[in-house]
Every structure is written in C-alpha cells, then in structure tokens.
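Residue-level structure breakdown
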Amino acid sequence: MAVERTLSIVKPDAVAKNVVGKIYSRFEEAGLQIVAAKMLRLSDDVAGGFYAEHRERPFFADLVGFMTSGPVVVQVLEGENAIAKNRELMGATNPQEAEAGTIRADFAQSIDANAVHGSDSPASAEREIAYFFAASEICERG
Ligand code: IDP
C-alpha cells in the first residue's frame, strides 16, 4: 500500500458543536498524520469552486450556503491508503446510513450538515489539496 495524502474538511456543523478535537483523534488513532491545517471562513466563490462538480445538482445552493455558514477547519492527512481510510472513518454521506462508530454516525445530523468532507480519489485529493494549500504549507512529518 502506498503512502497517500488526502484533503479533509471539518464542516461548519462540527466546528459549531466543538468536536474538532474529537474528529482529529479519529484520524490520529487510525494512523493518519495531520501534515497541514487551517481554520477559515469560506466565501461563496471558494465554496462553489471547491464543489464545482456539483454545480448542476439541485442541492448545490444549499451546499454552498451551508459551507459558508461558519468557520471550517481544513487539513491534509497523510498515511498508508489515506484516501480510503479517511472515507471509512467518515462513513456514508447520509449519516442515517453511516455505520456505527463512524464520524458521520457519531457527529452529523443530516445529509446537508454531515460533519466532514474527504477526497474520494487520488485525482480529487490532488486537486483539493492544491485548492487550499500551497506546497510550502504542507509539512514533512517523517
Ligand atoms: P461526500 O461528501 O460523501 O463525498 P458527495 O456526493 O461528494 O458526498 O456530496 C458532497 C456533499 O454534498 C455531501 O457531503 C453533502 O453535504 C451534500 N449532498 C450530497 N448529496 C446531497 C443530497 O442529496 N441532498 C443534500 N445535500 C447533499
């Protein structure tokens, strides 16, 4: 298995619930390292550009409205199989369908406010990491 990097976002609902640390613990306990992190408030343009692939979907305006409703914490996670491992930790998009013990089952209320984002492929991880971080902002942990 290869060491990968993936882009993770703690969404506004989870930041508002004050569970950033609990979510970070899930990453660390699974062997993923945080190699870059920042808190920021997304603008409409930044949130819309991030979710550009969903622009034609009926939920796009709600998604952008939600993602700009409060601060988010954005991080790059690194580790063996990091992309799939993070998706497993997150659970299904709809928290009602998420397996017990996953981040979304434990911390999310609805398909709109679902606590976390994680890249779903190597190509999206590359795009999404570059969307939020300059190469100089990513730390080698060794
Ligand atoms: P993912 O976050 O699990 O990768 P995607 O299909 O990429 O799921 O969708 C991006 C985000 O858009 C989801 O996390 C969710 O917040 C929102 N979303 C997806 N499908 C729906 C829907 O049917 N209704 C409302 N929001 C949705």
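Before reading on, note that the structure itself is shown above.
The structure reproduced in this document is the subject of the present report. For clarity, every value in this text was computed on a predicted model and none was experimentally measured. (Residues numbered from 1 in each chain as written. Predicted model: local features only at pLDDT ≥ 70, side-chain atom pairs only at ≥ 80, totals over all residues. Heavy atoms only, no water.)

1. So, the pattern of salt bridges
The following threshold applies: By definition here, a salt bridge exists when the distance from a side-chain nitrogen of Lys or Arg to a carboxyl oxygen of Asp or Glu is within 4 Å. Per the convention used, a helix needs a DSSP run of H or I reaching at least four residues, while a strand needs a run of E reaching at least two, with both numbered from the N terminus. The cut-offs for exposure are 20% and 50% of the maximum accessible area for each residue type, with area from a 1.4 Å probe on protein chains only; residues under the lower value are buried, those over the upper are exposed, and the others partly exposed.
Enumeration over the complete set of coordinates arrives at 4 salt bridges. The closest approach of N and O atoms between R5 and E78, which form a salt bridge, is 2.7 Å. Highlighted residues: R5 in strand 1 (residues 3–10) and E78 in strand 3 (residues 72–80), separated in sequence by 73 residues. With relative accessibility at 27%, the residue R5 sits in the partly exposed group. Given the relative accessible area of 15%, E78 is considered buried. Three or more residues joined by partner-sharing salt bridges are found here, namely R5, E78 and E140.

2. Brief notes about helix 7 (residues 122–132)
This is how the line gets drawn: Think of it as the arc spanned by the lines of direction from the helix axis to the C-beta atoms. We call two residues in contact when some of their heavy atoms are within 4.5 Å.
Residues S124, A125, E128, I129 and F132 constitute the buried set of helix 7. Summarising the axial view, the buried residues of helix 7 lie within an arc of 125 degrees, below the 170-degree limit, and thus occupy one face. Turned more than 90 degrees off the buried face of helix 7, the exposed positions are P122, A123, E126 and A130. The elements touched by buried residues of helix 7 are strand 1, strand 2 (33–40), helix 3 (44–50), strand 3, helix 5 (82–90) and strand 4 (116–118).

3. Focus on the site of the ligand
How we decide: Proximity criterion: a residue is near a molecule or strand once any of its heavy atoms comes within 4 Å of it. Any pair of N or O atoms that falls within 3.5 Å is considered a polar contact. Within protein, one atom must be able to donate a hydrogen and the other to accept it, and sequence-neighbouring residues count only if both atoms are side-chain atoms. A 1.4 Å probe and the Shrake-Rupley method give the accessible areas. Residues count as covered only by the protein chains that appear here. Throughout, the ten residues Ala, Val, Leu, Ile, Met, Phe, Trp, Tyr, Cys and Pro are labelled nonpolar, Asp, Glu, Lys and Arg are labelled charged, and all others, Gly among them, are labelled polar.
The immediate surroundings of the ligand are formed by K11, Y51, H54, F59, L63, R87, T93, R104, I111, D112 and N114. The contact in question runs from an oxygen atom of the ligand to an N or O atom on the side chain of T93, over 2.6 Å. For the ligand, an oxygen atom lies 2.9 Å from a polar atom in the side chain of N114. Within the complex, the protein chains bury 79% of what would otherwise be the 520 Å² of accessible surface of the ligand. The residue inventory of the shell around the ligand, partitioned by class, reads 4 nonpolar, 3 polar and 4 charged.

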